[in-house]
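For reference, the chains in residue letters:
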Amino acid sequence: MASDQENSQDANAPDDTSEKEITRGITIMKSIIRDRDKAVTYNVNWNADNQLIGSNAAKLASYIGTLVRMHIPITATRWSNKELGSAQDKIWTEILRSFNIEDTTIRKKYILQLAGKRHRGWRTFLTNKYLKDKEKKFVEYDPEYPVKYAIFITEEEWVAFVAQRRDENFKKVSATNRERASNPTYAYKKGRLGYARLEEKILDETKSDATSLPPHVLWKEARVGKDGTVRDDVQHIYDECETLSQSISTAEDQENRSVLSRALNVPEYPGRVRGKGHGCTPTSLYKNPRRRNPSNQEVMETLQALQAQVLQLQKDNERYRCMEKCSSQLKETSEKASINCQNKFPEVFAQGSQQLSQKIGSRQKNKRDLPVTSLPKKGAFVPRYQISLETLVDSSDMATAGVIRLLDMEEDIFGYSCTETIGKEDLEHIFRHQELGVGVIHTYIRFLYDNFMRGNDQLSNRFRFVSSSLVNKALICREPDSCREYLVKRFMASSTNNLYLWPYNSGCHWLFLAIDPLKEVVYFLNSIDGEWTNYPDMKQLVDTSIKVFRSQRQARVPRTKSSNITWIKVQCPLQRNGIDCGYFVMRFMREIINMNQIEIPITYFDEYKCAHYTRLQLEQIKEELCQYFIEKRLISI
């Protein structure tokens, strides 16, 4: 039987106030996404029992709820289902992008268990709101599809979910659980505070030097009402715990039952500590987990692992001897394959007017037609797709604050699958020509991949992308190992010469790197004419990643070059303000793929050589973005 505190946390739903829902929209924690795009992350704290506490604990819990709604279908009945593994990994990856959490098994397990509770709470909320009446009885009529949550729930999922909840077996279980929870013997009275934050509050108020409180102390405090009174039966359990704690040793308490479960005279569930809340286990509480003899299978697995390590050491030793013997004969080689300039990008702007006229003409019978803008003087540029998209946004639910669109980024793009969120603010930045976040940059990368690389083996085998969300200034400083592992894994994905295109966010500025890991060449393009030495953390990460990549592919490199990685500063066009860097980076990628060359000339490509990009050249990039939004139907009326 779950504790009362756990039942209260499962109700992950706002009050049923339709008027409030209409004005506030869906909770998606947009502030976290905005801060993430600015490379701002949140610190979280953990108590002595490895439970989440601190000022950002509630923010993280709410964000987990948002991610669960985005990635986990409401038809999923078992959180432990292996089919949810990839979606759960997505949730963990998204959390690491915005919160400073160690990427360890114990932390991931805690977060995903909390996500499971949020998922159960989400399903319970939908059931209570749409499938039950005011008396909490299942309605007989077919409930309407919750349009408000269409971004999370498809109509097919909703039909399947309703069928699941109307199953007679589920109704029986639901009735039993509701009856059991309706009148608890010792009611939990701290709402959504939770045991961990209650403990933190008590320790702060008492200014205690202790790092934790006994479970029975927390259990009692969690049942104190607002008036400060303690029921006699609760006080009686507490007093009995105090008496038992004087006569039972810690070892006996751990090996059998805690003093609290003894006083309550109830069985203890395996792996759970009563009166401590989510995340606390006997191991974390007592710090001396039970020892047991390993099984025969575990012994054999350990033996096999040791044998594999010995074999690998022997191979490494033999390879080292061979390299020492042949080092004097090694010669530096470089690939000089001829590169053809083919597959030019088709210009969307020449055909933009005709396509837009067709799109608007097809909607003339609709009362919400897109307005036809008046044309300026002959020869002037008209941002037709921007105007069209802005009209679509104003006429859609995107006009409401907080509404977002999701764009799936398949594994081939960044080496892992993820989801980008696009909100009205992101689109406003394009319309108003303001600074761009990582969501817009990644959307343009998806545009390049869809329109020019998908199905084109020459381009897709030559150019690859590096995720700005997994490797940026903030993450390099906080988690350099995970950044290096990602880059090395990305480099190892190919066996031929590839150019990895990487928009790098230095915290307040976008610059661009193109990396050829096989030739160990890094092209550096900075639209404010800065040197790579101004970004020592970034340079050290790239150099180290290339060296690890070299080691993993067992490359033979002459000693004279073993510590030298070639960095080339490309004389690229320069910006003349403080906001264009993101647009420059997108155009760099466009032109590099357009030229279809692995090597970038130091003076840049002749076809695109100029001191500065004109506003028209940047508007062309924005037009491609807006056209992509329209054609992908990401925004529709």
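Residues numbered from 1 in each chain as written. Predicted model: local features only at pLDDT ≥ 70, side-chain atom pairs only at ≥ 80, totals over all residues. Heavy atoms only, no water.

Moving on, we come to the overall build of the protein. Per the secondary structure count, the protein includes 26 helices and 11 strands. Excluding contacts between residues fewer than 6 apart, the proportion of contacts in the protein whose partners are at least 24 apart in sequence is 69%. Looking at the protein as shown, the accessible area adds up to about 33,400 Å², and 48% of this sits on carbon and sulfur atoms. (Helix = DSSP H or I, 4+ residues; strand = E, 2+ residues; numbered from the N terminus. Contact = heavy atoms within 4.5 Å. Areas by Shrake-Rupley, 256 points an atom, 1.4 Å probe, with all protein chains shown as cover.)

Moving on: helix H25 (residues 581–595). Counted at 1.5 Å a residue, the expected span for H25 with its 15 residues is 21 Å, and the 21 Å between its end C-alpha atoms agrees. A large share of H25 lies buried, amounting to 15 of its 15 residues. In the stretch just after H25, Asn 596 is the one whose phi turns positive, near 55 degrees. (Expected span 1.5 Å × (residues − 1). Buried < 20%, exposed > 50% of the residue type's maximum accessible area, 1.4 Å probe, protein only.)

Charged atoms that come close allow side chains of opposite charge to pair. Going through the model one piece at a time under the given rule, you end up with 31 salt bridges. A salt bridge links Asp 397 to Arg 405; the shortest N-O distance between them is 2.7 Å. The exposure class assigned to Arg 405 is buried, which follows from its relative accessible area of 18%. Asp 529 is the partner of Lys 569 in a salt bridge, and the nearest nitrogen-oxygen pair spans 3.0 Å. Taken as a pair, Lys 569 in strand E11 (residues 566–569) and Asp 529 in the loop between strand E10 (521–525) and helix H24 (536–552) lie far apart in primary sequence, 40 residues in all. The class of Lys 569 is partly exposed, set by a relative accessible area of 22%. Residues joined in a network through salt bridges with shared partners are Glu 410, Arg 446, Asp 450, Arg 454 and Lys 632. (Salt bridge = Lys/Arg side-chain N within 4 Å of Asp/Glu carboxyl O.)

In this structure, Trp 502 and Met 538 are the most contacted members of the largest nonpolar core, which totals 92 residues. Apart from residues no more than four positions distant in its own chain, Met 538 is found in contact with Ile 476, Trp 502, Tyr 504, Leu 511, Leu 513, Phe 524 and Trp 567. Grouped together as the second largest cluster of nonpolar side chains are 42 residues, Leu 84, Tyr 110, Ala 115 and Tyr 130 included. (Core = buried A, V, L, I, M, F, W, Y, C linked by side-chain atoms within 4.5 Å.)

A word on the state of the cysteines. Counted according to the given criterion, the structure contains zero disulfides. With no disulfide of its own, Cys 477 lies 9.1 Å from the sulfur of Cys 483, the closest cysteine sulfur. (Disulfide = S-S within 2.5 Å.)

Read across the open sheet, the five strands follow the order E7-E8-E9-E10-E11; overall the sheet is mixed. In this open sheet, the two strands that pair with only one neighbour each are strand E7 (463–465) and E11. Strand-to-strand twist of the sheet, defined as the mean angle between neighbouring strand axes without regard to direction, takes the value 25 degrees. Where strand E8 (residues 499–505) meets strand E9 (residues 510–516), six bridges bridge the pair, whose relative direction is antiparallel. Bridged to Trp 502 within E9 is Leu 513. (Pairing = 2+ DSSP bridges. Axes fitted to C-alpha atoms, helices over the stretch in contact; angles between N-to-C directions.)

Topologically, Gly 415 is positioned in the loop between helix H18 (411–414) and strand E6 (418–423). Separated by 50 residues in the primary sequence, Gly 415 and Phe 465 have C-alpha atoms spaced 8.4 Å apart.

It is worth spelling out the packing of aromatic side chains at this point. Counted according to the given criterion, the structure contains 27 aromatic pairs. Aromatic pair Phe 447 and Tyr 628: ring centres 5.7 Å apart, planes at 75 degrees, arrangement edge-to-face. One end of the pair, Phe 447, is in helix H20 (residues 438–453); the other, Tyr 628, is in helix H26 (residues 615–631), and 181 residues separate them in sequence. For Tyr 628, a relative accessible area of 3% gives the class buried. Ring geometry for Tyr 604 versus Phe 605: centroids 5.2 Å apart, planes at 50 degrees, classification tilted. No difference in accessibility class separates Tyr 604 from Phe 605, as the two residues are buried. (Phe/Tyr/Trp six-rings, centres within 6.5 Å; stacked < 30°, edge-to-face > 60°.)

All right, on to the side chain of Arg 587 then. Within the element layout of this structure, Arg 587 appears in helix H25. By relative accessible area, which is 5% here, Arg 587 ends up buried. A polar atom in the side chain of Arg 587 sits 2.7 Å from the side chain of Glu 591. (Polar contact = N/O pair within 3.5 Å; in protein donor to acceptor, adjacent residues only side chain to side chain.)

From the geometry alone we can't say anything about function, so treat these as descriptive.
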